[in-house]
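# Architecture and fold: a report
Chain by chain, the residues:
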Amino acid sequence: EVQLQESGPGLVKPSQSLSLTCSVTGYSITSNYWGWIRKFPGNKMEWMGYISYSGSTSYNPSLKSRISITRDTSKNQFFLQLNSVTTEDTATYYCAKGMDAWGQGASVTVSS
Amino acid sequence: QITLTQQAESLWVSPGEKVSITCRASQSLLYTDGKHYLSWYQQRPGQTTKALIYHASIRTDGVPTRFIGSGSGTEFTLSIEDVQPEDIALYYCLQTLKKPWTFGGGTKLELK
């Protein structure tokens, strides 16, 4: 059974970078697609992007050049980096396998 | 981008009743392969997000048969027959026909 677990700082200062790790067990990240989704206060959900089995990436244009998703296949982990964060980036961040299996979510607050 | 509208923010039900959650897309979600790229998700507090339905009507493995997905084109419905207390949750639709993938605003199922 695949399991995903997000980890990273729960508090980030405005203008800094948000970095999260998704650790995957029970499934190799060299297969399928591995994505990030976030849920804002008020329950709006946003697909952020994914990294594929080959390492190619696809991002939501709304995040423009601020987002980067990378991976470490030796550790079976993939990563989210979101640059130049503002308070609008305060959300719960989820990692997912192909949108059919999700992690528990990591709450991130952007505040000085 | 494709907009998904879940008209009801909240629905109140009693155990044993049937409830329907609707999701309307701003354009058809039918692809040339004959499949609709619309899926449904359940979020319960303290639980991982659960994929219920994909391609509009196919239940994910292990999902109880009381969850029924239907619809075509731009109109889709998630029906829950014989609602159980554990079905009280937040439900989202998601389209993966075109990027950026987009979610509906969510419908919260609550007990009367």
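Remember, it's a predicted structure, so these values are computed and weren't measured experimentally.

Calculation rules
Residues numbered from 1 in each chain as written. Chains lettered and ligands numbered in written order. Predicted model: local features only at pLDDT ≥ 70, side-chain atom pairs only at ≥ 80, totals over all residues. Heavy atoms only, no water. 1 Å grid on protein atoms, 1.4 Å probe; cavity = no way out; pocket = protein on both sides within 12 Å on 5 of 7 lines; lining within 4 Å. Points joined across faces, edges and corners; volume = space filled by probe spheres on them. Helix = DSSP H or I, 4+ residues; strand = E, 2+ residues; numbered from the N terminus. Salt bridge = Lys/Arg side-chain N within 4 Å of Asp/Glu carboxyl O. Buried < 20%, exposed > 50% of the residue type's maximum accessible area, 1.4 Å probe, protein only. Phe/Tyr/Trp six-rings, centres within 6.5 Å; stacked < 30°, edge-to-face > 60°. Lys NZ or Arg CZ within 6 Å of the ring centre and 35° of its normal.

Considering only enclosed or pocket space, the largest pocket measures out at about 850 Å³ in volume. If you trace the largest pocket, you find 34 residues lining it, with Gly98(A), Met99(A), Asp100(A), Ala101(A) and Ala51(B) closest to the centre. Ranked by residues supplied to the lining of the largest pocket, first place goes to strand β5 (residues 50-54) of chain B with 4 residues. Put simply, the second largest pocket is a space of about 350 Å³. Taken together, 22 residues line the second largest pocket, and the ones lying closest to its centre are Lys44(A), Met45(A), Glu46(A), Gln1(B) and Thr102(B). Contributions of two or more residues to the lining of the second largest pocket are made by β5 (45-51) of chain A together with β10 (102-103) of chain B.

Residues and elements named next belong to chain A. Evaluation of the coordinates by the stated rule reveals 8 salt bridges over all chains. Of the charged contacts in the structure, one is a salt bridge between Asp89 and Arg38, with a shortest N-O distance of 2.8 Å. One end of the pair, Asp89, is in the loop between β8 (77-82) and β9 (91-97); the other, Arg38, is in strand β4 (residues 34-39), and 51 residues separate them in sequence. The burial state of Asp89 is the same as that of Arg38; both residues are buried. Among the salt bridges present, the one from Asp100 reaches Lys97, with a minimum N-O distance of 2.9 Å. By relative accessible area, Asp100 is classed as partly exposed at 40%. The buried category is assigned to Lys97, whose relative accessible area is 8%.

Let us now look at the packing of aromatic side chains. Taken as a whole and assessed by the stated rule, the structure comprises 13 aromatic pairs over all chains. On the basis of an interplanar angle of 85° and a centroid distance of 5.8 Å, the ring pair of Tyr33(A) and Tyr53(A) is categorised as edge-to-face. Taken together, the residues span a long stretch of sequence, with Tyr33(A) in the loop between β3 (18-25) and β4 and Tyr53(A) in the loop between β5 and β6 (57-59) at a distance of 20 residues. Clustering of aromatic rings is evident, with ring pairs tying together Tyr33(A), Trp47(A), Tyr50(A), Tyr53(A) and Trp101(B). Above the ring of Tyr27(A), the side-chain terminus of Lys97(A) is found at 5.0 Å from the ring centroid.

Keep in mind these numbers describe shape, not what the thing actually does.
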